[in-house]
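Here is how the chains run, residue by residue.
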Amino acid sequence: ECLAERFKNIKPDAIYSSPLKRAFLTAEAANKYHGLPITMVDGLIEIDGGEIEGISWVDFPETRPEVEYLWSFEPHNFYPKGGESMRSVYVRSWKAIKDIVGENEGKTVFVASHGCTIRNIMCNALGRSVEQLNTVNWADNTGVFHLRFKSKDELPEILLFNDFSHLPEDCL
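Note that this is a predicted model, so its numbers are computed, not measured.

Criteria and cut-off values
Residues numbered from 1 in each chain as written. Predicted model: local features only at pLDDT ≥ 70, side-chain atom pairs only at ≥ 80, totals over all residues. Heavy atoms only, no water. Phe/Tyr/Trp six-rings, centres within 6.5 Å; stacked < 30°, edge-to-face > 60°. Helix = DSSP H or I, 4+ residues; strand = E, 2+ residues; numbered from the N terminus. Buried < 20%, exposed > 50% of the residue type's maximum accessible area, 1.4 Å probe, protein only. Lys NZ or Arg CZ within 6 Å of the ring centre and 35° of its normal. Axes fitted to C-alpha atoms, helices over the stretch in contact; angles between N-to-C directions. Parallel < 35°, antiparallel > 145°, perpendicular 65-115°, else oblique. Contact = heavy atoms within 4.5 Å. Nonpolar A, V, L, I, M, F, W, Y, C, P; charged D, E, K, R; others polar. Pairing = 2+ DSSP bridges.

## Side note on the packing of aromatic side chains
(1) Moving on: Using the criterion set out here, one finds 8 aromatic pairs in the structure.
(2) Moving on: Both rings, one in Phe 7 and one in Phe 110, keep their centres 4.6 Å apart while their planes meet at 50 degrees; by these two values the pair is tilted. Residue Phe 7 is found in the loop between α1 (2–6) and β1 (14–17), and its partner Phe 110 is found in strand β3 (residues 109–112); the two are separated by 103 residues along the sequence.
(3) Moving on: For Phe 7, a relative accessible area of 11% gives the class buried.
(4) Moving on: For Phe 110, a relative accessible area of 9% corresponds to the buried category.
(5) Moving on: Members of the aromatic cluster, joined through ring pairs, are Trp 57, Phe 60, Trp 71, Phe 78 and Trp 138.
(6) Moving on: We note Lys 8 situated over the ring of Tyr 33; from NZ or CZ to the ring centre the distance is 4.9 Å.

What follows is the structure, encoded as structure tokens:
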């Protein structure tokens, strides 16, 4: 509801989302007062955790220390068995953003995605390599990032980075 109110008076020309439900629900909230169709983009999906999907992160230091180490200290080398490498997320998520920008030059677009994917997008937006992923902070739930692209071939101007000023204190 807070996100819906934040975007109530900002009219997007298009809305894109990861096909996963939690991102789609975020896109729906941002779209509450606009009623636009939401376009699903596979490139915005969260990292595929493979064999570790569904396992709580709090258990990793004890049960999967090698996974926890890579995730925390060398995320660029993270590649769970049967899943997706972080390097793949870095490339595919940036391609998805550039495709969206190319289709919507000069327009206002909302994009809903996931923490790991957003972190990779922002690493690219800052002009950093995947090896520098740990220099980019995580996105909070409903955190707002405002990027202004002149073209899909240039890095954007970053106007907001993980802004959650729409949330009341009791939600933080």
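Additional details are given in the paragraphs that follow.
## Examining the packing of helix α5 (residues 86–103) against helix α6 (residues 115–125)
(1) Moving on: Contact pair α5 / α6: the axes reach a minimum separation of 8 Å and the direction vectors enclose 70 degrees. Comparing their axes, α6 and α5 come out roughly perpendicular. Residues Met 86, Val 89, Tyr 90, Arg 92, Ser 93, Trp 94 and Ile 97 of α5 lie in contact with α6, whose contacting residues are Cys 116, Thr 117, Asn 120, Ile 121, Cys 123, Asn 124 and Ala 125.
(2) Moving on: Within the contact of α5 with α6, the residues separate by chemical class into 9 nonpolar, 4 polar and 1 charged.

## Regarding the sheet that holds strand β2 (residues 38–40)
(1) Moving on: Taken in spatial order, the 3 strands of this open sheet run β2-β1-β3, and their pairing is parallel. Looking at strand neighbours, the two that pair on one side only are β2 and β3, the edges of this open sheet. Between one strand axis and the next, the sheet turns by 25 degrees as a mean value, whatever way the strands run.
(2) Moving on: Examined bridge by bridge, β1 and β2 share 3 bridges and lie parallel to one another. Note on β2: the bridge partner recorded for Ile 15 is Ile 38.

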